[in-house]
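# Topology and contacts: notes
Read off the chains here:
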Amino acid sequence: MASISAGQAVIEALGAEGVEYIFGLVGTTTNTMVTALYGRSDMRFLDTRHEEGAAFMAYGYTRASGKPAVCMTTSGPGSINLLTGIALAYKGRAPVVVIAGDVERSKLDRDGAQSFDLVNLFKPVTCLARHAHQTERIPQMLHDAFRAALAGKRGPAFINIPRDLLENQTIDAALARPSSYRPVELRMPGDSDAIRRAAEVLAQAQRPLLLAGGGVIDGEASAEAVALADLLGMALVPSYGHNDAVPNSHALFVGTPGNRGAPEALEAISRADVILALGSRLNQHTTHWNYSTISAKTRIIQVDIDAQEVGRNYAVEVGIVGDAKTVAQQLVQALRAGKQDQRAAWRTEIAALKARRKARLEAEQSLAGDPMMPQRVFPELRKALPADCMVTLDAGIAPGLTYDRLVFELPRTFFNYSGHGGLGMGYAVGLGTKLGRPERPAISIQGDGGFLYTSQEINTAVRHRIPLVSIVLNNSCHGAEKAQQQRHFDARYVGVDLINPRFDRLAEVYGARGFYVTRPQDIAETVSAALKLDGPSVIEIPVAEYFPAAAKLPGGAAGH
Ligand SMILES: Cc1ncc(C[n+]2csc(CCOP(=O)(O)OP(=O)(O)O)c2C)c(N)n1
Ligand SMILES: [Mg+2]
């Protein structure tokens, strides 16, 4: 058997997985691997200006494409800089495989230069975190990493490789097919008895509601969820953060719940007598984990690929372990056999909630103010964004208005902080989504606070020609926190007011296109023009401060 350099063997193993990009930043410990990419056209080192940007881009790439992503970074601080983004991938169920170079084995555990216990640092935010000890086992460890990253509800995996295992070392060149070391199709049906009991509960329901969670997106179950809702006249509500789980134009779609969502969706949830939580863990923002939104009398059927999630936050009437698509198909089949009630009264109620939401959002078109109220931006965005446009949100109060205001028709078009809550992820995650799905238009929406966290990645976007349209809603403050200080701390403002550069000019300095829009009537046209460019652009829109009436105390249910 021919031998190849160990660094090359790592790259070949990634090639066998169909990896297109390795997101990272160079360092001495990874040069054995990175240089093996020289001259390759099927795989590119996507070098960022900070490792955090690499982790965020990897997250965006895998969430948009559904394919695993890879990060490669060097020992100590280089890999530590990934942590925030990898924690996001952990919360967002994203298969990101991290390959970290480490100092040589003889220098480990001696407080040496750039030497830290990376495996233990990454353990709480990964599904697998391991240290390589033997050159020959490196391919096997990579297989373990991909298997762990893609199993169950998915997540990041971390492999730490001391540099002496790679330098001047060779390895057997034999390549394994992914299907030989990990399942490539994970379709797990629900237990037939549980399906029968769930179908009985659903058939008896008067006001059934389908809560479509992240498992509907990852399990590609949108069409099956809609078929089930159509069959039973179920209200369709995505769980918080997963607006793209079901088509928002559907007649039974109400809106997204949560503090940033539609009150009409919360009303639908509280009115439902049966909730089918499909691929949903009934997350905190959707439900508050109490009976303030969900009625204590409501019967809950929960479907999740991970048995650990079933019954975790609420007592369930029926718990089903299985993949969302297969279980939804099983339920449709079980229920088609019987005659289905059309639930005319419930359908009328759903239509009324929808109409109320529509009127509420349309009224925002007449909001006046200079600078404009941030809500005023959204009717204009609705005009400009194509149905397949991918939208990435940062944290912050103005970007958060998106949850209730933009329309999503296709899965894998909406990306946000996924329960991680880290400000500053929006821009680089948005860049990753565009690489993951280049045929779809992509925008990111962030505030002035969030944008400057990773704005240095405009340079990455320019160098790699990534045509992301980035919209900065500039209220010259950390608005979400200013709202808290105004409401709960007698407006004693500390650390919340900002003085910013002009973001459009910043973009131009980096070599990207910049736009500055002050009038609502210019927004749609500018966004449409920016979406036609073949390189990155930044659109700054000055907006007013906005203090929502319902801001909650820190540590309470409000989240941003
Ligand atoms: C990493 C991180 N640091 C701090 C916070 C707390 N935080 C949440 S929103 C916010 C302000 C966001 O400001 P900006 O991006 O300008 O958006 P705005 O709220 O003004 O619309 C801060 C500091 C956080 N969520 N994440
Ligand atoms: Mg702000």
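Right, let's walk through the structure included here. (Residues numbered from 1 in each chain as written. Chains lettered and ligands numbered in written order. Predicted model: local features only at pLDDT ≥ 70, side-chain atom pairs only at ≥ 80, totals over all residues. Heavy atoms only, no water.)

## Brief notes about the overall build of the protein
Across its full length, the protein carries 24 helices and 19 strands. Radius of gyration (C-alpha) of the protein: 24 Å, near the 24 Å computed for a compact globule of 560 residues. Overall, the C-alpha framework of the protein stretches about 75 × 60 × 45 Å when taken along its three principal axes. A burial count over the protein gives 57% of its 560 residues as buried. The contacts in the protein between residues at least 6 apart in sequence include a share of 77% that link residues at least 24 apart. Carbon and sulfur atoms provide 51% of the accessible area of the protein, an area that totals close to 21,800 Å². Side chains of the protein give 58 positive and 57 negative charges; the mean places of these two sets differ by 4 Å. (Helix = DSSP H or I, 4+ residues; strand = E, 2+ residues; numbered from the N terminus. Rg over C-alpha atoms; globule rule 2.2 N^0.38 Å. Buried < 20%, exposed > 50% of the residue type's maximum accessible area, 1.4 Å probe, protein only. Contact = heavy atoms within 4.5 Å. Areas by Shrake-Rupley, 256 points an atom, 1.4 Å probe, with all protein chains shown as cover. Lys, Arg positive; Asp, Glu negative; His and termini not counted. Charge placed at Lys NZ, Arg CZ, Asp CG, Glu CD.)

## Some words on the site of ligand 1
In the vicinity of ligand 1 lie 19 residues, with Ile-397, Asp-448, Gly-449, Gly-450 and Gly-479 positioned nearest. Here an oxygen atom of ligand 1 sits 2.7 Å away from a polar atom, N or O, in the main chain of Ile-397. Within the side chain of Asn-475, a nitrogen or oxygen atom sits 2.9 Å from an oxygen atom of ligand 1. When ligand 1 sits alone it has 590 Å² of accessible area, and the protein chains cover 81% of it. Counting only elements with at least two residues in the shell around ligand 1, the list comes to helix H17 (397-400), helix H20 (448-451) and helix H22 (479-488). Per-class residue counts for the shell around ligand 1 are 7 nonpolar, 10 polar and 2 charged. (Near = heavy atom within 4 Å. Polar contact = N/O pair within 3.5 Å; in protein donor to acceptor, adjacent residues only side chain to side chain. Nonpolar A, V, L, I, M, F, W, Y, C, P; charged D, E, K, R; others polar.)

## Some remarks on the sheet that holds strand S10 (residues 235-238)
An order of S10-S9-S11-S12-S13 is seen for the 5 strands of this open sheet, with the pairing classed as parallel. Edge positions in the sheet fall to S10 and strand S13 (318-321), since each of these pairs with one other strand and no more. Taken over all neighbouring pairs, the strand axes of this sheet differ in orientation by 15° on average, direction set aside. As judged from the 4 bridges shared by strand S9 (residues 208-212) and S10, these two strands associate in the parallel manner. From the neighbouring strand, Ala-212 faces S10, where its bridge partner is Pro-238. Across the sheet, helix H9 (residues 192-204) is in contact with strand S11 (274-278), strand S12 (299-304) and S13; its angle to S13 comes to roughly 135°. (Pairing = 2+ DSSP bridges. Axes fitted to C-alpha atoms, helices over the stretch in contact; angles between N-to-C directions.)

## What to know about the sheet that holds strand S17 (residues 469-474)
A sheet is described by the order of its strands in space; here 6 strands give the open sequence S15-S14-S16-S17-S19-S18, paired in parallel fashion. For this open sheet the edge positions go to strand S15 (414-415) and strand S18 (513-516), each flanked by a neighbour on one side alone. Where strand S16 (residues 442-447) and S17 come together, 5 bridges link them in parallel fashion. Pairing of Gly-447 across the sheet is with Leu-473, part of S17. Across the sheet, helix H23 (residues 503-510) touches S17, S18 and strand S19 (537-542), and the angle it forms with S18 is around 170°.

## Some thoughts on the pattern of salt bridges
Applying the stated criterion across every chain, the model contains 38 salt bridges. For Arg-502, the salt bridge is made with Asp-504, and the minimal N-O distance between the two is 2.9 Å. With a relative accessible area of 28%, Arg-502 lands in the partly exposed category. Overall, the relative accessible area of 7% leaves Asp-504 in the buried class. Through salt bridges with shared partners, a single network forms among Arg-93, Lys-153, Asp-306, Glu-309 and Arg-312. (Salt bridge = Lys/Arg side-chain N within 4 Å of Asp/Glu carboxyl O.)

## Some words on the coordination of the magnesium ion (ligand 2)
Note on metal sites: the ideal angle is 109.5 degrees for four tetrahedral donors, and 90 or 180 degrees for six octahedral donors. Donor atoms from the polypeptide that bind the magnesium ion (ligand 2) are Asp-448 (OD), Asn-475 (OD1) and Cys-477 (O), placed at 2.0 to 2.1 Å. Donor residues binding the magnesium ion (ligand 2) come from one chain and are separated in sequence as D-x26-N-x1-C. (Donors = N, O, S within 2.8 Å, 3.2 Å for Na, K, Ca; no water.)

## Observations regarding the packing of H9 against helix H14 (residues 324-336)
Taken N-terminus to C-terminus, the directions of H9 and H14 make an angle of 60°; their axes are 9 Å apart at the nearest point. Our pair here, H9 against H14, has a crossing hand that is right-handed. Between H9, through Ile-195, Ala-198, Ala-199, Leu-202 and Ala-203, and H14, the contact on the second element is made entirely by Val-327, Gln-330, Leu-331, Ala-334 and Leu-335. In terms of residue class, the contact of H9 with H14 is built from 9 nonpolar, 1 polar and no charged. (Left-handed = near helix turned anticlockwise from the far one by under 90°.)

## Points about unusual backbone geometry
A cis geometry characterises the amide bond from Asp-370 onward to Pro-371, with omega recorded as 0°. Position of Pro-371 relative to the elements: it lies in the loop between helix H15 (344-362) and helix H16 (377-384). Not every positive phi belongs to a glycine, and Arg-343 is a case in point at roughly 55°. Counting through the fold element by element, Arg-343 comes out in the loop between H14 and H15.

## Section: the nonpolar core
Core analysis: the biggest nonpolar cluster contains 84 residues, and Phe-23, Leu-381 and Ile-541 have the highest contact counts within it. Top contributing element to this core by residue count: helix H3 (residues 51-65), with 8 residues. Residues within four places of Ile-541 in sequence aside, it is in contact with Met-372, Val-377, Ile-471, Val-472, Leu-473, Asn-474, Val-517 and Ile-523. In this structure, Ala-194, Leu-236, Val-332 and Trp-346 belong to the second largest nonpolar core, which totals 56 residues. (Core = buried A, V, L, I, M, F, W, Y, C linked by side-chain atoms within 4.5 Å.)

## Overview of the packing of H16 against helix H24 (residues 523-531)
A pair of packed helices is captured by two measures, namely the crossing angle of their axes and the spacing between those axes. In contact at an axis separation of 8 Å, H16 and H24 are set at 45° when each is read in the N-to-C sense. Comparing their axes, H24 and H16 come out oblique. H16 and H24 meet at a crossing whose hand is right-handed. Across the interface between the two elements, Val-377, Glu-380, Leu-381, Lys-383 and Ala-384 of H16 pack against Ile-523, Ala-524, Val-527, Ser-528 and Leu-531 of H24. (Parallel < 35°, antiparallel > 145°, perpendicular 65-115°, else oblique.)

Geometric descriptors of this kind do not, in isolation, establish any biological role.
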